[in-house]
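# Secondary and tertiary structure notes
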Amino acid sequence: MTHFLTDHIGRQVSISTAPKRIISICPAITETLFALGLKDEIVGRTKYCIFPKEMVEKVPIVGGTKEVIVDKIRDLQPDLILAEKEENTEEIVLALEKIAPVFVLEVQKIDDSYRLIETLGLLTNREEAANRLITSCKTSFPDRSCKQHLNAAYVIWRKPYMVVGGTTYINDVLHTIGFQNPFEKGDARYPSVTKEELADANLDVLLLASEPFPYQEKHIAEFQSFLPNTKIILVDGEMFWYGAKMLVAGEYLEKLTKQIKRSAM
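Below you will find a few notes about this structure.

Cut-offs and rules
Along each chain, residues carry numbers from 1 onward, in the same order as the chain's sequence is written. It should be noted that, the model being predicted, local features are given only for residues of pLDDT at least 70 and side-chain atom pairs only at 80 or more, the latter also being counted only at that level, while totals for whole chains, interfaces and linings use all residues. Think of the side-chain values as coming from all heavy atoms in the structure, minus any hydrogens and water. Every helix listed is a DSSP run of H or I at least four residues long, and every strand listed is a run of E at least two residues long, numbered separately from the N terminus. Within these notes, the globule rule equals 2.2 Å times the number of residues to the 0.38 power, and the radius of gyration is based on C-alpha atoms. Summary of the burial criterion: residues with accessible area below 20% of their type's maximum are buried, those above 50% are exposed, and those between are partly exposed, where the area comes from a 1.4 Å probe applied to protein chains only. His residues and chain termini do not enter the charge count, which takes Lys and Arg as positive and Asp and Glu as negative. Note on charges: their place is set at NZ of Lys, CZ of Arg, CG of Asp or CD of Glu. The nonpolar core is taken to be a set of buried Ala, Val, Leu, Ile, Met, Phe, Trp, Tyr and Cys residues, with the residues joined through side-chain atoms within 4.5 Å. Contact criterion: two residues are considered in contact whenever any of their non-hydrogen atoms come within 4.5 Å of each other. Only the six-membered ring of Trp is used, alongside the rings of Phe and Tyr, when aromatic pairs are assigned; centres must lie within 6.5 Å, and planes under 30 degrees apart are stacked while those over 60 apart are edge-to-face, with the rest tilted. Here the term cavity refers to a set of points on a 1 Å grid, laid over the protein atoms alone, in which a 1.4 Å probe fits but cannot get out; the term pocket refers to an open set having protein on both sides within 12 Å along at least five of seven lines, with lining residues being those that place an atom within 4 Å of a point. Grid points are joined across faces, edges and corners, and a volume is the space filled by probe spheres set on the points. Residues are grouped as follows: nonpolar covers Ala, Val, Leu, Ile, Met, Phe, Trp, Tyr, Cys and Pro; charged covers Asp, Glu, Lys and Arg; every other residue, Gly included, is treated as polar. Two strands are counted as paired when DSSP detects at least two bridges linking them.

Turning our attention to the overall build of the protein chain. In terms of helices and strands, the protein chain carries 10 helices and 12 strands. Relative to the globule expectation of 18 Å for 265 residues, the C-alpha radius of gyration of the protein chain, 19 Å, shows essentially globular dimensions. Summarising its shape, the C-alpha atoms of the protein chain cover approximately 60 × 35 × 35 Å along the three principal directions. Counting only residues that meet the buried cut, the protein chain has 53% of its 265 residues in that class. The average position of the 32 basic charges and that of the 37 acidic charges among the side chains of the protein chain differ by 4 Å.

Here it is as structure tokens:
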């Protein structure tokens, strides 16, 4: 039995009421599916889907988030493929919908992350588990009571430098923990910036993420050379993932906020 549902980008998708063979091509979605108790239904994932570590290694890899192995996905005979608008390309969705229904989710804000969990519960007959997960995430995740309002940029790439823009989940998290992002204006989700633009932004804090580019201690001096008055902090980029990661990210973000508060005093 199937039913038609509208995905997060407005596409009508015909989906089985009880999907048994699910492929996820977005890491945060994969982790969330496991959190909903779907380990037996997940038959494919990307090489970047690394959580939960003790369980995901048993699931076949079907490529990356920007390039998938279509024949392998076809051989796995999925009855539902889950994608995310930012993580995956339109070309991938068009190719995979010839194999099985592809439901595209979209996350740009914290509330969208809760919608993602709710939607995954609806798609997989795990509504109760989804509601419990949402409640737990809301309990552990920071609220918007922080009044720091420090100027901060979150750097995800090197050569060129790329930072988080306005229409991203990470930007909403920054707001929640008391940061104002000077690069949130404009349409670019991850704008490229120069040394001069970073220097002119009057940053109180610069956050260097551990992924997708693996910023490390050795890179701090590189930025400190042209941002002498900015506090530069390495952050765990995985703690800025949406979905089930919010369960553990809340405590991490609270500690990060306290660390920055102390350094700003």
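Moving on from the model shown.
Let's shift gears to helix α7 (residues 169-176). The buried fraction of α7 amounts to 7 of the 8 residues, a majority that puts the element mostly inside the structure. Here α7 has its buried residues at Y169, I170, N171, D172, V173, L174 and T176. At the C-terminal side of α7, G178 shows a positive phi close to 100°.

Across soluble globular proteins, you tend to see nonpolar side chains buried next to one another. Membership of the largest hydrophobic core comes to 57 residues, with the highest contact counts inside it found for L82, F103, F141, Y154, F179, L207 and F240. It is helix α5 (residues 110-123) that provides the largest number of residues to this core, a total of 6 residues. Beyond its immediate sequence surroundings of up to four residues, F141 is in contact with I110, Y114, Y169, V173, M246, A249, G250 and L253.

A few words now on the packing of aromatic side chains. Here the structure, examined in full by the defined rule, presents 9 aromatic pairs. Ring geometry for Y161 against F226: centres 6.2 Å apart, planes inclined by 35°, an arrangement best described as tilted. With a gap of 65 residues between them, Y161 in strand β8 (residues 161-163) and F226 in the loop between α9 (220-224) and β12 (231-235) connect regions that are remote in the sequence. Both residues of the pair, Y161 and F226, belong to the buried class.

Taking a probe equal in size to a water molecule and rolling it over the atoms shows the remaining empty space. For the largest pocket, the calculated volume is near 720 Å³. Only α1 (27-35), β7 (150-157) and α7 provide two or more residues apiece to the lining of the largest pocket. Taken together, the residues that form the lining of the largest pocket break down as 15 nonpolar, 3 polar and 7 charged. Taken as a whole, the second largest pocket spans an internal volume of roughly 160 Å³. In this structure, the second largest pocket is lined by I9, R11, E84, K85, N88, T89, E90, V93, L94, E97 and V104. Among the elements that take part in the lining of the second largest pocket, helix α4 (residues 90-96) stands out by supplying 3 residues, more than any other. Grouping the amino acids of the lining of the second largest pocket by side-chain chemistry returns 4 nonpolar, 2 polar and 5 charged.

Turning our eyes to something else, we now look at the pairing of strand β11 (residues 205-209). Burial runs high along β11: 5 of the 5 residues are buried. Both faces of β11 are covered, namely the face carrying V205, L207 and A209 and the face carrying L206 and L208. Bridging between β7 and β11 involves 4 bridges; their strand directions are parallel. The partner of A153 across the bridge, within β11, is L206.

Spatial relationships are all this shows, so hold off on functional conclusions.
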